[in-house]
Amino acid sequence: MTDFPAQADVLIIGAGAAGLMCAAVAGKRGRSVLVLDHANKVGKKILMSGGGRCNFTNLYTAPDNFYSENPHFCKSALARYTQWDFIALVEKHGIPYHEKTLGQLFCDNKSRDIVDLLLAECREAKVQIRTRCEIQRIEPIAGEGKKGFEVHTALGRVVCESLVIATGGLSIPTMGATGFGYEVARQFGHNIIPTRAALVPFTLNKRALARQQELPGTSLAVNASCDQGHFHEQMLFTHKGLSGPAVLQISSYWREGKPVEFDLAPGVDLPEWLSEQRGKKPESFLHTVLAEIWSKKLVQFFLQRNGLESKPLKQYSDNALQDVGAKLQTWTLVPEGTEGYRTAEVTLGGVDTNEVSSRSMESQKQSGLYFIGEVLDVTGWLGGFNFQWAWASAHAAGGEA
Ligand code: FDA
């Protein structure tokens, strides 16, 4: 390939959210920047994100919305490049957007708008981008007064001063996700916090699936709890198990064998509500009054699951109604597993942040090497937080690399 640059001040591997943002920031500082990606096009995850409308940030982004073995790590970058900075960039490019719910900002049109924004910023900063480029090996340049890296690729050899790893996590391998970033980190002596699929649907065993075979596509608002996590969002029944925002969020807290608890009528004290209903309409059947809270299909499912028959409310004693209300209120289950990286939105764990500068994202093991975005052990909640981390960590590295 004749036009393949043999030298760059900054070489970025990964043309996703973090890589493109970092490229634009470094390029605007006057650094010559080359971005390489093995996929056939840039920003594939951005394109598929937010159901095609990219939930590009969250109005309420704060360090508490992120998991990491080192919860303080994300604070500096998030404080120096905030959601308001990214919103200003979106507005500068005239991209229409709206808040959907809970501070989640989505494009009015298509995710493509965000990829175009990043590419326009990169063009302005004279960034060079090459796709379909396999990275073969990385060698640090050693010797008196020398620094940098020699990177061997399928398109040619590049020498760079700074090397930024922006290859993301393991989720959705069909979109180009690889463990490349972790391999590079290990090559330079970094520790990797064990990875696992997160923001991912739960799978249930065959028996449980048979019980809910009428329900796929049905959703309801729940409070989902597991360990330290509590989320009030929608839960969705699927052919494989359970999904929806509440389930995706709580999956990041779940570990094999642990129970997950769902309050199926958040904000309603079901035992008390049922006794009120009995006072008002004693002749009504249990399933009829419950249909004021849940769809008929769900009422039937929750009654069957608890082995409850439906009788006129006047036929329940105080104690019996308390018991029925308590059983219906809470559903505790142990998921069989998750759908894994095939459908997970993100990867928990990654490059140990105790060995990376929280100011610049530079490795403390190898001068000139940077890690940004999802490859690091920083994972956001559902709702635009993961992109905000990509922008913020990329901005921090782009200002130094
Ligand atoms: P990202 O994955 O974006 O980019 C990594 C790049 O590196 C890719 O272009 C890849 O091809 C390249 N690469 C990987 N291995 C390589 C190798 N060996 N050699 C060369 N290149 C390599 N977040 C959010 O905040 N709001 C949302 O709406 C959504 N929605 C969403 C939907 C779905 C279906 C998924 C899977 C994920 C989301 N996310 C999200 C999460 C979000 O997409 C994710 O956190 C960011 O894209 C991470 O940005 P990075 O730049 O770190 O990695």
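What counts, and where the lines are drawn
- Residues numbered from 1 in each chain as written.
- Predicted model: local features only at pLDDT ≥ 70, side-chain atom pairs only at ≥ 80, totals over all residues.
- Heavy atoms only, no water.
- UniProt positions renumbered as here; feature names shortened; annotations may be inferred.
- Helix = DSSP H or I, 4+ residues; strand = E, 2+ residues; numbered from the N terminus.
- Expected span 1.5 Å × (residues − 1).
- Buried < 20%, exposed > 50% of the residue type's maximum accessible area, 1.4 Å probe, protein only.
- Pairing = 2+ DSSP bridges.
- Axes fitted to C-alpha atoms, helices over the stretch in contact; angles between N-to-C directions.
- Disulfide = S-S within 2.5 Å.
- pLDDT = per-residue confidence, 0-100.
- Near = heavy atom within 4 Å.
- Polar contact = N/O pair within 3.5 Å; in protein donor to acceptor, adjacent residues only side chain to side chain.
- Contact = heavy atoms within 4.5 Å.

## Here's the deal with the UniProt feature "domain: RsdA/BaiN/AoA(So)-like insert" (unreviewed entry) in the chain
Okay, step 1: UniProt tags residues 196–346 as "domain: RsdA/BaiN/AoA(So)-like insert" (unreviewed entry).
Okay, step 2: Across residues 196–346, helical content stands at 34% and strand content at 24%; the span's end C-alpha atoms are separated by 9 Å.

## Overview of helix α5 (residues 112–124)
Okay, step 1: In a regular helix each residue adds 1.5 Å, so 13 residues correspond to 18 Å; α5 covers 18 Å between its end C-alpha atoms and thus fits that length.
Okay, step 2: Within α5 the residues assigned to the buried category are Asp113, Ile114, Val115, Leu117, Leu118, Leu119, Glu121 and Cys122.

## Points about the sheet that holds strand β6 (residues 104–107)
Okay, step 1: Pairing in this open sheet of 3 strands is antiparallel, and the strands run β3-β6-β5 from one edge to the other. Each of the sheet's edge strands pairs with one partner strand only, and the pair in question is β3 (55–58) and β5 (97–99). Strand-to-strand twist across the sheet, computed as the mean angle between neighbouring axes with direction ignored, equals 25°.
Okay, step 2: The pairing of β5 with β6 spans 3 bridges and is classified as antiparallel. Residue pairing in the sheet places Glu99 in a bridge with Leu105 of β6.

## A closer look at the state of the cysteines
Okay, step 1: Tallied over the full model, the rule gives 0 disulfides.
Okay, step 2: The thiol sulfur of Cys54 is not disulfide-bonded, and the nearest other cysteine sulfur, from Cys107, lies at 5.3 Å.
Okay, step 3: Looking at Cys160, it has no disulfide partner, and the nearest cysteine sulfur is the one in Cys22, 12 Å off.
Okay, step 4: With a relative accessible area of 2%, Cys160 lands in the buried category.

## A look at the confidence of the model for the chain
Okay, step 1: Residues at a pLDDT of 70 or more form 100% of the chain, whose mean pLDDT is 97.
Okay, step 2: Of the two predicted TM-score estimates for the complex, the pTM is 0.96 and the ipTM is 0.99.

## So, the site of the ligand
Okay, step 1: Not every one of the 31 residues close to the ligand is listed here, only the nearest: Ala18, Asp37, Thr178, Glu374 and Phe387.
Okay, step 2: Contacts to the ligand include Asn55, whose backbone N or O atom sits 2.9 Å from a nitrogen atom.
Okay, step 3: Asn386 places a polar main-chain atom, nitrogen or oxygen, 3.4 Å from an oxygen atom of the ligand.
Okay, step 4: The set of elements that each furnish at least two residues to the shell around the ligand consists of α1 (17–28), α2 (44–48) and α13 (385–398).
Okay, step 5: Considering every element that reaches the shell around the ligand, the biggest residue donor is α13, with 3 residues.

## Things to note about the UniProt feature "domain: RsdA/BaiN/AoA(So)-like Rossmann fold-like" (unreviewed entry) in the chain
Okay, step 1: As recorded in UniProt, the sites labelled "domain: RsdA/BaiN/AoA(So)-like Rossmann fold-like" (unreviewed entry) are residues 9–398.
Okay, step 2: Across residues 9–398, the secondary structure splits into 31% helix and 25% strand, with the terminal C-alpha atoms separated by 12 Å.

## Description of the sheet that holds strand β14 (residues 229–237)
Through backbone hydrogen bonds, the strands of a sheet pair up, either in parallel or in antiparallel fashion.
Okay, step 1: Read from one edge to the other, the open sheet built from 7 strands follows the order β17-β16-β13-β14-β15-β12-β18, with strand pairing classed as antiparallel. Here the strands that pair on one side only, and so sit at the sheet edges, are β17 (330–333) and β18 (337–338).
Okay, step 2: One ladder, built from 2 bridges, connects strand β12 (residues 202–203) with β18; its direction is antiparallel. Along β18, the bridge assignment pairs Thr203 with Gly337.
Okay, step 3: Contacts between helix α11 (residues 296–305) and the sheet are confined to β13 (219–226), β14 and β17, with β17 contributing the most and set at about 65° to the helix.
Okay, step 4: Relative to β17, helix α12 (residues 318–329) is tilted by about 50°, and along the sheet it contacts β16 (260–263) and β17.

## Looking at the pairing of strand β10 (residues 156–165)
Okay, step 1: As paired strands, strand β1 (residues 7–13) and β10 are joined by 6 bridges and run parallel to one another. Along β10, the bridge assignment pairs Leu11 with Leu163.
Okay, step 2: Pairing geometry for strand β9 (residues 149–153) and β10, over 5 bridges, is antiparallel. In the sheet register, Glu150 faces β10, and the bridge partner there is Val159.
Okay, step 3: Between β9 and β10, which pair antiparallel and follow one another directly, the connecting turn spans 2 residues.
Okay, step 4: In the sheet, β10 pairs with strand β20 (residues 369–371) via 3 bridges, with the strands oriented parallel. In the strand pairing of β20, Ile165 is matched with Phe371.

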